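Report on the structure
In case you want the letters, here they are:
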Amino acid sequence: MPTVEQNKSAWDGGYHWDDRGDEWSKPWGGTAMQWYGVILPRIHRFLDAGRILEIACGCGRWTQYLLPRCRSYVAVDLSAACIETCKRRFAGKAGIEYYVNDGKSLDMIADHSVDFVFSFDSLVHADKSVLQAYIGQFNRILTEDGVAFLHHSNLGRYRLRYIRSRHVKALKPVLVWLGILEDDLHWRDWSVRAEDVRQMVESAGLKCLVQETVNWRTRRTLNDCFTTLGRKSRAQEGCLSSENRDYMNEAEHLFRLSRLYTDTGR
Ligand SMILES: C[S@@+](CC[C@H](N)C(=O)[O-])C[C@H]1O[C@@H](n2cnc3c(N)ncnc32)[C@H](O)[C@@H]1O
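Thresholds applied
Residues numbered from 1 in each chain as written. Predicted model: local features only at pLDDT ≥ 70, side-chain atom pairs only at ≥ 80, totals over all residues. Heavy atoms only, no water. Axes fitted to C-alpha atoms, helices over the stretch in contact; angles between N-to-C directions. Helix = DSSP H or I, 4+ residues; strand = E, 2+ residues; numbered from the N terminus. Parallel < 35°, antiparallel > 145°, perpendicular 65-115°, else oblique. Left-handed = near helix turned anticlockwise from the far one by under 90°. Contact = heavy atoms within 4.5 Å. Nonpolar A, V, L, I, M, F, W, Y, C, P; charged D, E, K, R; others polar. Polar contact = N/O pair within 3.5 Å; in protein donor to acceptor, adjacent residues only side chain to side chain. Core = buried A, V, L, I, M, F, W, Y, C linked by side-chain atoms within 4.5 Å. Buried < 20%, exposed > 50% of the residue type's maximum accessible area, 1.4 Å probe, protein only. Pairing = 2+ DSSP bridges. Arc of directions from axis to C-beta. Phe/Tyr/Trp six-rings, centres within 6.5 Å; stacked < 30°, edge-to-face > 60°.

One way to put it is that helix α2 (residues 31-43) packs onto helix α9 (residues 247-261) with a least axis distance of 9 Å and a crossing angle of 135°. When the interaxial angle is binned, α2 and α9 end up oblique. The two elements α2 and α9 cross, and the hand of that crossing is right-handed. In this structure, α2 uses Met-33, Gly-37, Val-38 and Arg-42 to contact α9, whose residues at the interface are Tyr-247, Glu-250, Leu-254, Leu-257 and Ser-258. Its residues placed into classes, the contact of α2 with α9 shows 5 nonpolar, 2 polar and 2 charged.

Among the structural elements, Gln-34 can be located in helix α2. A distance of 3.3 Å separates a polar atom in the side chain of Gln-34 from a polar atom in the side chain of Arg-61. Setting aside residues no more than four positions away along its own chain, Gln-34 makes contact with Trp-24, Ser-25, Trp-28, Ile-39, Arg-61, Trp-62, Phe-120 and Trp-216.

Turning to the nonpolar core, a few remarks are in order. Core analysis: the biggest nonpolar cluster contains 37 residues, and Trp-35, Ile-43, Tyr-73, Phe-116, Phe-118, Phe-120 and Tyr-247 have the highest contact counts within it. Residue contributions to this core peak at 6 residues, all from α2. If we skip the residues at most four places from it in the chain, Phe-116 touches Ile-43, Phe-46, Leu-47, Ala-49, Arg-51, Ile-52, Leu-53, Val-147, Ala-148 and Phe-149. With 30 residues, the next largest nonpolar core counts Ala-56, Val-201, Leu-206 and Leu-229 among its residues.

Turning our eyes to something else, we now look at the sheet that holds strand β4 (residues 114-119). Ordered in space as β3-β2-β1-β4-β5-β7-β6-β8, the 8 strands form an open sheet in which the pairing is mixed. Each edge of the open sheet carries a strand with a single partner, namely β3 (96-100) and β8 (240-244). Between one strand and the next, the sheet's axes are offset by a mean angle of 15°, whatever the strand orientation. Direction of pairing for β4 relative to strand β5 (residues 142-153): parallel, over a ladder of 5 bridges. Bridge pairing in β5 places Val-117 opposite Ala-148.

What follows covers helix α8 (residues 194-203). Buried within α8 are the following residues: Ala-194, Asp-196, Val-197, Met-200 and Val-201. Buried residues of α8 fall within an arc of 160° about the axis and therefore sit on the same side. Every exposed residue of α8 that faces more than 90 degrees away from the buried side is listed here: Gln-199 and Ser-203. If you follow the buried residues of α8, they end up packed against α5 (128-141), β5, β6 (206-214) and β7 (224-231). In the stretch just after α8, Gly-205 is the one whose phi turns positive, near 80°.

Here the structure, examined in full by the defined rule, presents 24 aromatic pairs. Ring geometry for Trp-35 against Phe-118: centres 6.3 Å apart, planes inclined by 65°, an arrangement best described as edge-to-face. Of this pair, Trp-35 sits in helix α2 while Phe-118 sits in strand β4, and the two are 83 residues apart along the sequence.

This is a description of form; function is not addressed.
Here it is, written out as structure tokens:
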């Protein structure tokens, strides 16, 4: 959980989208700060890319930065409303295709046609079956040097801790205060762990290049993971893994900079 159906009802009509997702970037000091300070340092070596596929683009918070960095761009999202917003937002820009999908299928993407798959701040709400379905299609759609950068849940790692805590409900405030439990887990999926995704990648005949687990708006829980993956021909690169418990300190740093150097968040 959350299921594809729950995601559809949450995002395709259930959410107001008044600020097109920029509201989620506030802890980083705004969308531009989050792109340049958080995302770009992790993906810059794959840009510029020939053809980019963005899975779960929402209302285009990252699309605006990806578009100038590729020759052609494909947006896939299960929300028809989000895709309509993107069509309006990026009207007049050449080389863009848009698809509303069923939350799993990439059948509309031609074989070996994508150089870079990107998904950020969306598949954290996706369960194992969704990640399995998408990753299972990457071998078919990626070009020879193609890579993917996926932001997904790692909350499965803490499942037992939270199940046990149900038996000691009265202690929850203390456990939260001690940093053993978190107040808010941000609707992450409970079935997914970083190692599950690594296995999915390997079963798909691909290779994990980097796995970085991060504490996304939590005190200590490494609830999220960024997985970078590519073809086995990149084997010489090995797989690097990192447990980044400083992730929200990075956000605070960017937020402080944004106060000095941008007018967002003022
Ligand atoms: C929290 S919003 C984030 C949107 C965008 N990535 C951003 O950061 O602004 C989640 C988006 O993921 C889409 N989504 C959720 N599950 C999906 C799935 N299985 N396949 C495609 N899109 C999905 C939703 O429709 C929504 O647009």
